[in-house]
Amino acid sequence: MFSPAYANFYVTPLNGFIIFKGLLWALLLSWIFNQQRVESETKAYKHLFLASILGSITLFVIIMWEKQVLVTLFTDTDIYTKVNTFFNLSSAYRTTGIISGMHTGGESIDGMYLFLLPLTVGACFFFKRYWLRFIALAAVVGVMYGVLMGFTRATYGASFIAITVVCLMCFVQKFREKAQLERQTKDYTNAKSSLLIFAVGYAVAFSLLFYSVYTLHQYAGYYAELSAGLIYALYVYLGSNRKIPLFLKIIIVVVGGLLFFYVNIDSFENSQWVDAENISSSSVYSAIGGCVVAFVFLFALALKRSVHIARIGTETIVLVLVSILLAAAFSGARINIRAETSTRDLETRISHWQSIIDSGNWSGANIVFGHGLGSMPANYALSGAAELDRIGTFAIDKDKSVLKVIPGSDLMLTQRFNADSNDDYLLEIVYRANEKIKVAVGICRRNMIIFEFWAHGCGNIERIYLPPSNENESNSQFFTLKATKDSFFALPAALTLKATVGDVPLEIDSISLLNLNGRELLSNASFFEGGDFWFFYYDFEHLAWHIKNLYLSFAYQFGVVGCLLILTVIAATFIGFYKSEQLLSLPCAIFTAFLAGQFAFGIFGDPTDSARTAMWFYFIMFGALSSVPAKVSSETKEDV
């Protein structure tokens, strides 16, 4: 495990060790974190939330870099282009360089989203200072931007479930705390009924508002969300401000409603995306009317409470954000295309899960104890070698230092290097093959895969047939390649090699890349160090390496005993919360939301088959958010 790799690690025992690293790190991190909680529970949670906020914002910046948004923002392009680049929600995004081991990294990054979301949303409830809440909210926005770019239906649903669980449990806890405070008053029954009316009233008002804004978006575009946010802030401020006379409030409310009506009707009639003649005016008026009714309802509720201006601003941002997310998630062209293929995708997954089951050796011992961590790809490959022949695979002869490539539809070998100019580069491949094989080589700037960005920034790609070599002799083939110009925000340059057509293996003795000065730019060019410095991608063919179902993954890898242990860990955590009367506490809310999100997503994916995401998954599972008995009643929580 400490020597260079000489094969695709997914089909070696190394894959199990890689995933096992995640469990080991999770054990260590959860133990350290619990030691911190013993010293100061509040400080430990504060640091955890701040770390999740920092991680989320960093992830957002990485996405901006990989999507090439930063390049556009720091150039002299017009402001319209910059804004359009940022809000371009039609391009699907997957990251590779930071989180995943190979190919799209879809399950890995989705697992990170569903780990960070409950923590960042929980941070919004944890911190008392509004500026910290605002930063936490910015972190939520950053994570949800990544979720939107993924265009994964399971992640959309799981994210919604996770956020809803945290918010509902926290709101119920807030309601109970207020009711307990009112219990000491003489008019407790009326106070409790009043709190219940407020809770139901807000639930109805916000539900009507979100539905109406989502419907209005189809007619007026994003003007619906922006104008709704403005009117919401205005109405809540008017309702909660005690200094403004009531008659003046009513006048402003009427004027604001008319302004909202005008903005959305004008946007509807002048929209280049909506055919106003074929849409019933009553549908538009009904959507606007639903928004106005919700606004008036919220205005009336605000008359009974006092709201800080910073809280109004935070709530307005949340309102606009959630409305935009709903519109983008369920009205975008990309997700509509994905929705049209739902039946076919489900059939593909069911067929794949059956293939996983068929590839296993379901002996009594394997049923009880499982096949072992990371064992599926090797079993799957051995039981269906034709699949690897179709998509391509590789191995390195340790004794001869020769790279053996089985040509396929999707395998790509790459190595990063410093391309500091857009000059010519000379590539030489020394190889052996019994028949001609088609290869594609190029210098690309890529750190993510799929759709618009999987072949981003390629100077040029040469596609030729390598002629067959004589027996026991090697051929040399030369290519002249170009790299796109380097810049501060440019993606890393990578030499890419793809053998797409051929019925025999391609044996490569060495790959050399020289710049104009004759300097060798590649490391381990002759494969003396195995696969060191070389990366491999599967841009689209990922089913061969992943189970794509968390429940099947647990059963396959851990068996009955392992599944029972996982259920025991979860049950023990909830029992601890129950015994310490913390079932509605913030840690319990986050833990519940984390489980709900991960296991909802787990129906169609397995985020634990990557070491990095497995680490954070088991970090939570191993008790990082378990109940902590109160130390002493005199301990005071710091003002965070």
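Throughout what follows, the structure given in this document is the object of discussion.

The rules behind each value
- Residues numbered from 1 in each chain as written.
- Predicted model: local features only at pLDDT ≥ 70, side-chain atom pairs only at ≥ 80, totals over all residues.
- Heavy atoms only, no water.
- Axes fitted to C-alpha atoms, helices over the stretch in contact; angles between N-to-C directions.
- Helix = DSSP H or I, 4+ residues; strand = E, 2+ residues; numbered from the N terminus.
- Parallel < 35°, antiparallel > 145°, perpendicular 65-115°, else oblique.
- Left-handed = near helix turned anticlockwise from the far one by under 90°.
- Contact = heavy atoms within 4.5 Å.
- Patch = residues over 30% accessible without salt bridge, like charges linked within 9 Å, V, L, I, M, F, W, Y side chains within 5 Å.
- Areas by Shrake-Rupley, 256 points an atom, 1.4 Å probe, with all protein chains shown as cover.
- Salt bridge = Lys/Arg side-chain N within 4 Å of Asp/Glu carboxyl O.
- Buried < 20%, exposed > 50% of the residue type's maximum accessible area, 1.4 Å probe, protein only.
- Core = buried A, V, L, I, M, F, W, Y, C linked by side-chain atoms within 4.5 Å.
- Pairing = 2+ DSSP bridges.
- Nonpolar A, V, L, I, M, F, W, Y, C, P; charged D, E, K, R; others polar.

Below, the discussion takes up the packing of helix α18 (residues 550–579) against helix α20 (residues 611–624). It is the contact of α18 with α20, at a shortest axis distance of 11 Å, that shows an interaxial angle of 25 degrees. Taken as axis vectors, α18 and α20 run roughly parallel relative to one another. Pair α18 / α20 crosses with right-handed handedness. Packed against α18, whose contacting residues are Leu550, Phe554, Phe558, Ile566, Val569 and Ile570, the element α20 presents Phe617, Tyr618 and Met621 at the interface.

On the surface, a nonpolar cluster with roughly 880 Å² of combined accessible area is contributed by Ile357, Trp362, Ile367, Val368, Phe369, Val560, Val561, Leu564, Leu565 and Leu567. Elements supplying a minimum of two residues to the nonpolar patch: α15 (364–369) and α18. Of all the elements, α18 adds the most residues to the nonpolar patch, at 5 residues. The topology assignment puts Val561 in helix α18. Judged by relative accessible area, which is 32%, Val561 ranks as partly exposed.

Here we come to the nonpolar core. Core analysis: the largest hydrophobic core is formed by 66 residues, its most contacted members being Phe49, Phe115, Phe554, Phe617, Tyr618, Phe619 and Met621. In terms of nonpolar packing, the next biggest core, distinct from the first, is built from 51 residues, Leu427, Tyr431, Leu497 and Leu521 among them.

Glancing now at the sheet that holds strand β8 (residues 493–501). Pairing within the open sheet is antiparallel, and its 5 strands lie in the order β6-β5-β8-β3-β10. The open sheet has two free edges, formed respectively by β6 (461–466) and β10 (535–538), since each of these has just one partner strand. Neighbour-to-neighbour, the strand axes of this sheet turn through a mean angle of 25 degrees, independent of strand direction. Two elements, strand β3 (residues 411–416) and β8, share 4 bridges in a ladder whose sense is antiparallel. By the bridge assignment for β8, Gln415 is matched with Leu495.

Okay, the packing of helix α2 (residues 41–66) against helix α6 (residues 130–150) next. Contact geometry of α2 with α6 gives a least axis separation of 8 Å together with a crossing angle of 45 degrees. The orientation of α2 with respect to α6, classified from their angle, is oblique. For the element pair α2 and α6, the recorded crossing hand is left-handed. In this structure, α2 uses Leu50, Ile53, Ser56, Ile57, Phe60, Ile63 and Met64 to contact α6, whose residues at the interface are Leu132, Ile135, Ala136, Ala139, Gly142, Val143, Tyr145 and Gly146. Split into classes, the residues belonging to the contact of α2 with α6 amount to 12 nonpolar, 3 polar and no charged.

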